[in-house]
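Here are the chains, one letter per residue:
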Amino acid sequence: WPAGMTEFSLEFTVGAPDRASFELPYSVDNELKSATLNGKALDIGKSAGFGELGGSMVIKAPQGAGLFANGENILHVQILNAGDSSSRLGFYASGMLKISGAAGQAGGADGGRGVVGGGAGRQPAPVGQQQGQQKAQQQLAQEVDLSTGG
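Quick look at the structure, then. The numbers attached to residues start from 1 for each chain and follow its sequence in the written order. Since the coordinates come from a predicted model, pLDDT governs what is reported: local features require at least 70, and pairs of side-chain atoms require 80 or more to be given and counted, while whole-chain, interface and lining totals use all residues. Computation of side-chain values covers all heavy atoms of the structure but excludes hydrogens and water.

## Structural notes on the overall build of the protein
Here is step 1: Each helix and strand in the protein was counted, giving zero helices and twelve strands.
Here is step 2: Comment: elements are numbered from the N terminus, with helices defined as DSSP H or I runs of at least four residues and strands as E runs of at least two. The helix and strand sequence of the protein, counted from the amino end, reads β-β-β-β-β-β-β-β-β-β-β-β.
Here is step 3: Put simply, 78% of the contacts in the protein that link residues at least 6 apart link residues at least 24 apart. By definition in these notes, contact holds between two residues if any of their heavy atoms fall within 4.5 Å.

## Considering the environment of Ser100
Here is step 1: Note that Ser100 resides in the loop between strand S8 (98-99) and strand S9 (112-113).
Here is step 2: The exposure class of Ser100 is partly exposed, given its relative accessible area of 29%.
Here is step 3: Linking Ser100 and Gln63, residues 37 residues apart in sequence, is a C-alpha distance of 8.6 Å.
Here is step 4: Leaving out residues up to four positions away in the same chain, Ser100 has contacts with Arg19 and Gln63.
Here is step 5: Under the rule applied, a polar contact is a pair of N or O atoms within 3.5 Å (in protein, one hydrogen donor and one hydrogen acceptor; residues adjacent in sequence only if both atoms are side-chain atoms). In terms of polar contacts, Ser100 uses its side chain to reach the side chain of Gln63, at 3.1 Å. Each residue is assigned to one of three classes by its accessible area relative to the maximum for its type, calculated with a 1.4 Å probe on protein chains only: buried under 20%, partly exposed between the two thresholds, exposed over 50%.

## Considerations on unusual backbone geometry
Here is step 1: The linkage connecting Asp29 with the following residue, Asn30, adopts the cis geometry, with an omega of 15°.
Here is step 2: With phi around 55°, Asn38 is a residue other than glycine that occupies positive phi space.
Here is step 3: Taking relative accessible area as the criterion, Asn38 reaches 28% and is therefore assigned partly exposed.

## Digging into the packing of aromatic side chains
Here is step 1: We call Phe, Tyr and Trp rings a pair once their centres come within 6.5 Å, taking the six-membered ring for Trp, and we label the pair stacked below 30 degrees between planes, edge-to-face above 60, and tilted otherwise. Scanning all chains against the criterion turns up three aromatic pairs.
Here is step 2: On the numbers, 6.4 Å between centres and 40° between planes, the contact of Trp1 with Phe8 is tilted. Phe8 shares its class with Trp1; the two are buried.
Here is step 3: Residues Tyr26 and Phe91 carry aromatic rings whose centres are separated by 6.3 Å and whose planes lie at 35° to one another, so their mutual orientation is tilted.

## Here we look at the environment of Glu31
Here is step 1: Relative to the elements of secondary structure, Glu31 occurs in strand S3 (residues 31-37).
Here is step 2: The class for Glu31 is partly exposed, based on a relative accessible area of 30%.
Here is step 3: Along the chain, Glu31 and Met5 lie 26 residues apart, while their C-alpha atoms are 9.6 Å from each other.
Here is step 4: Apart from residues lying up to four places away in sequence, Glu31 is in contact with Ser47, Gln78, Ile79 and Leu80.

As structure tokens, this is what we get:
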């Protein structure tokens, strides 16, 4: 993978943005520089590399923070592949979009799954490329599974 910044995006649909939230534990090689939801910065914790999943490395989109849109939403992450030459890149995140107050169920009437990154030593499977970006798009059905990785 080329040295420098790599960007990944995941599109998903939300029908109740005021009740939506997610927490996505992640692991990354080399560093997660930023994450946004619909252009708004998210808390990414402290990027500590690929030695663990989660801990201080969690992308958070809390309920009631005005982050979610009714309809299409875009989660965007920027990953730094450090060094001066090409090397392996890894990014893995896992979690579910939660819709609170839906008869005691997480999920609700939104759903889908998208792969936006790759695991240790593997390049992400390209879903669609456009000027160095890869985008995973999925039709959404019941719950939104925001798990990523290769």
